[in-house]
Amino acid sequence: NMRVLQWIVARTQGLVGAEESVLGFTPAYDDLNWSGLDYSKEEFAALMACEPAELLTECAEQKDYFEKIGDRTPSEFEGFRQDLLLSVS
């Protein structure tokens, strides 16, 4: 999405900030370009919400997937999954 890429570039230039979540750094509503869209702060907040139960389900699904692809899974992926589990627990 071009709007997110704009935010990334602006962030690297120190023009906008970021909010920290269990998934990493994310844009604030006011730091994204919403021109031409009718998207409220409430809708954005709901989209960006991280529900712990949903994240735990996602981690379990990732584990199943990683097991299916076996040795082709980069070891870093499992490390990221473990980090997410720790941050949610």
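Up top is the structure.
Heads up: these notes are all about the structure in this document.

Conventions and cut-offs
Residues numbered from 1 in each chain as written. Predicted model: local features only at pLDDT ≥ 70, side-chain atom pairs only at ≥ 80, totals over all residues. Heavy atoms only, no water. Helix = DSSP H or I, 4+ residues; strand = E, 2+ residues; numbered from the N terminus. Expected span 1.5 Å × (residues − 1). Buried < 20%, exposed > 50% of the residue type's maximum accessible area, 1.4 Å probe, protein only. Arc of directions from axis to C-beta. Contact = heavy atoms within 4.5 Å. Core = buried A, V, L, I, M, F, W, Y, C linked by side-chain atoms within 4.5 Å. Patch = residues over 30% accessible without salt bridge, like charges linked within 9 Å, V, L, I, M, F, W, Y side chains within 5 Å. Areas by Shrake-Rupley, 256 points an atom, 1.4 Å probe, with all protein chains shown as cover. Salt bridge = Lys/Arg side-chain N within 4 Å of Asp/Glu carboxyl O. Lys, Arg positive; Asp, Glu negative; His and termini not counted. Charge placed at Lys NZ, Arg CZ, Asp CG, Glu CD. Phe/Tyr/Trp six-rings, centres within 6.5 Å; stacked < 30°, edge-to-face > 60°.

## Focus: helix H3 (residues 52-69)
So, point 1. Over its 18 residues, H3 runs 26 Å from end to end, which matches the ideal 26 Å to within 8%, given 1.5 Å per residue.
So, point 2. Along H3, the positions that sit buried rather than exposed are Leu-55, Cys-59 and Phe-66. One side of H3 carries all its buried residues, which in axial view fall inside an arc of 45°. Exposed and facing more than 90 degrees away from the buried side of H3 are Ala-53, Glu-54, Glu-67 and Lys-68.
So, point 3. In this fold, the buried residues of H3 make contact with helix H4 (75-88).

## Focus: the nonpolar core
So, point 1. In this structure, Trp-7, Tyr-29, Leu-32, Trp-34 and Phe-44 together form the largest nonpolar core, which totals five residues.
So, point 2. In this view, Tyr-29 contacts Trp-34, Tyr-39, Ser-40, Lys-41 and Phe-44; residues no more than four positions away in its chain are not counted.

## Details of a negative patch on the surface
So, point 1. A surface patch of negative charge is lined by Glu-58, Glu-61, Asp-64 and Glu-67.
So, point 2. Inspection of the secondary structure assignment puts Glu-67 in helix H3.
So, point 3. What makes Glu-67 exposed here is its relative accessible area of 53%.

## Comments concerning the packing of aromatic side chains
So, point 1. Within this structure, the stated rule accounts for six aromatic pairs.
So, point 2. Ring centres of Tyr-29 and Phe-44 lie 5.7 Å apart, and the angle between their planes is 65°; this geometry places the pair in the edge-to-face category. Taken together, the residues span a long stretch of sequence, with Tyr-29 in the loop between strand E2 (24-26) and helix H2 (41-48) and Phe-44 in helix H2 at a distance of 15 residues. With respect to burial, Tyr-29 and Phe-44 carry one shared label: buried.
So, point 3. Relative to Phe-77, the ring of Phe-66 lies with its centre 6.1 Å away and its plane at 40°, an arrangement referred to as tilted.

## Details of the environment of Arg-81
So, point 1. Examined against the element boundaries, Arg-81 turns out to sit in helix H4.
So, point 2. Arg-81 has contacts with Cys-59, Gln-62, Lys-63 and Phe-66, leaving out every residue within four places of it along the chain.

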